[in-house]
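An overview of the molecular structure
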Amino acid sequence: MQLATQHSIDLHCHSVYSDGSLTLSELVEHVVQFGVETLSITDHDSIGIHHEIAQSGLALPCNVLPGIEISCSFNNREVHIVGLNVNINDTGLCDFVSRQQDCRRERLLNYAYKLEKVGLKGVDEQVTKLSAEAVTRTHLSQILVNMGYVQDANRAFKKYIGRKGRAYVAMQWPSIQDVVEVIVNSGGVAVIAHPGRYQLSRKQLELLMIEFVEAKGQAIELSYPNIEPQLIHWLTDKALSLNMYASQGSDFHNPQWRWVKPGFFPPLPKAAPPVWQLWQ
Ligand code: AMP
Ligand code: MN
Ligand code: MN
Ligand code: MN
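Report follows, based on the coordinates. (Residues numbered from 1 in each chain as written. Chains lettered and ligands numbered in written order. Predicted model: local features only at pLDDT ≥ 70, side-chain atom pairs only at ≥ 80, totals over all residues. Heavy atoms only, no water.)

**Quick notes on the overall build of the protein**
When its secondary structure is counted, the protein shows nine helices and nine strands. Over its C-alpha trace the protein gives a radius of gyration of 18 Å, about what one expects of a compact globule, namely 19 Å for 280 residues. With the principal axes as the frame, the protein shows a C-alpha extent of 55 × 45 × 40 Å. Across the 280 residues that make up the protein, the buried fraction comes to 54%. Carbon and sulfur atoms provide 48% of the accessible area of the protein, an area that totals close to 13100 Å². Once the 24 positive and 28 negative side-chain charges of the protein are each reduced to a mean point, those two points are 11 Å apart. (Helix = DSSP H or I, 4+ residues; strand = E, 2+ residues; numbered from the N terminus. Rg over C-alpha atoms; globule rule 2.2 N^0.38 Å. Buried < 20%, exposed > 50% of the residue type's maximum accessible area, 1.4 Å probe, protein only. Areas by Shrake-Rupley, 256 points an atom, 1.4 Å probe, with all protein chains shown as cover. Lys, Arg positive; Asp, Glu negative; His and termini not counted. Charge placed at Lys NZ, Arg CZ, Asp CG, Glu CD.)

Rendered as structure tokens:
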């Protein structure tokens, strides 16, 4: 494992608008304690926090870039695409996000139905009480823990709600092309999020990168906690040959997840052009 070092730019994290645990003021106050000066908040299928920032007009203790993390389908996998510096008032983006949020609510209710079938009753009632703008399987795993059905979130994923779980609900998310298009049309930069977390072979990863670049995607995360040094190496070569930019982010959700700290991940490879060159 390559050693994580501290960075002032963190371009991937979550808030209470999706599956993070911190509100806007809690999140920005938390990250500055770790030395983060520029933060992109990239909630799952939600830009609500950026509307909150725009409306509140409050001065924040760090620079916040508008971002989002959108779920899409590739090769029967759920792949995440981050959009950086999107225009949060773009109607195409707003309509798209609202559809994704509806799909997410429906998905969790389908999960509740499947869970009931395998003997875990009463999850639907808890799902309808969720207040996040974008509800996720993180919320569902917390419900299963709170109801005493599993000991922890990891087991909830393993046993029930993960891709190989007993109650898995497959999703037909939008395609890579559709997701990149909505990001680019709103003036944003599309970034492949945490490429090592999809259990794709190297061949499939390469196909993902090629399809993504053909769709006008420009960047890929080459640094995030736990990325393997060999993968960084391999991805850097591919990214350079495809003229891609490199992004970095902690994917911070919750201070209780002690293994993830804002601004902490391996340094970007020197050869890779950082994505912020695109807006500096
Ligand atoms: P969703 O977008 O609704 O499919 O939820 C995906 C989220 O669930 C991810 O962004 C992670 O935050 C969380 N997650 C995925 N796999 C696991 C796991 N094995 N243990 C805990 N959380 C997970
Ligand atoms: Mn998440
Ligand atoms: Mn993700
Ligand atoms: Mn994320």
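**Some points on the pattern of salt bridges**
A complete count under the given rule lists seven salt bridges for this structure. For the salt bridge of Arg155 with Asp152, the shortest nitrogen-to-oxygen distance reads 3.3 Å. In the salt-bridge network here, residues are joined through shared partners; they are Glu78, Arg107 and Arg137. (Salt bridge = Lys/Arg side-chain N within 4 Å of Asp/Glu carboxyl O.)

**Quick look at unusual backbone geometry**
The backbone phi angle of Asn85 is positive, close to 55°, even though this residue is not glycine. Within the secondary structure, Asn85 sits in the loop between strand S5 (77-84) and helix H3 (91-117). Take Asn85: its relative accessible area is 23%, and that puts it in the partly exposed class. If you check the backbone angles, Asn243 has positive phi at about 60° while not being a glycine. Relative to the assigned elements, Asn243 resides in the loop between helix H9 (229-241) and strand S8 (245-248). For Asn243, a relative accessible area of 66% corresponds to the exposed category.

**Let's talk about the site of ligand 1**
With respect to spatial proximity, the complete set of residues near ligand 1 consists of Asp19, His44, Glu78, Arg104, Arg107, Thr136, Arg137, Thr138, Asn154, Phe157 and His253. Separating an oxygen atom of ligand 1 from a side-chain N or O atom of Arg104 is a distance of 2.9 Å. The side chain of Asn154 places a nitrogen or oxygen atom 3.4 Å from a nitrogen atom of ligand 1. In isolation ligand 1 exposes 500 Å². Once the protein is present, 75% of that is buried. Residue assignment for the shell around ligand 1 shows that the elements contributing at least two residues are H3, helix H5 (137-146) and helix H6 (153-161). Looking at the shell around ligand 1 residue by residue, the class counts come to one nonpolar, five polar and five charged. (Near = heavy atom within 4 Å. Polar contact = N/O pair within 3.5 Å; in protein donor to acceptor, adjacent residues only side chain to side chain. Nonpolar A, V, L, I, M, F, W, Y, C, P; charged D, E, K, R; others polar.)

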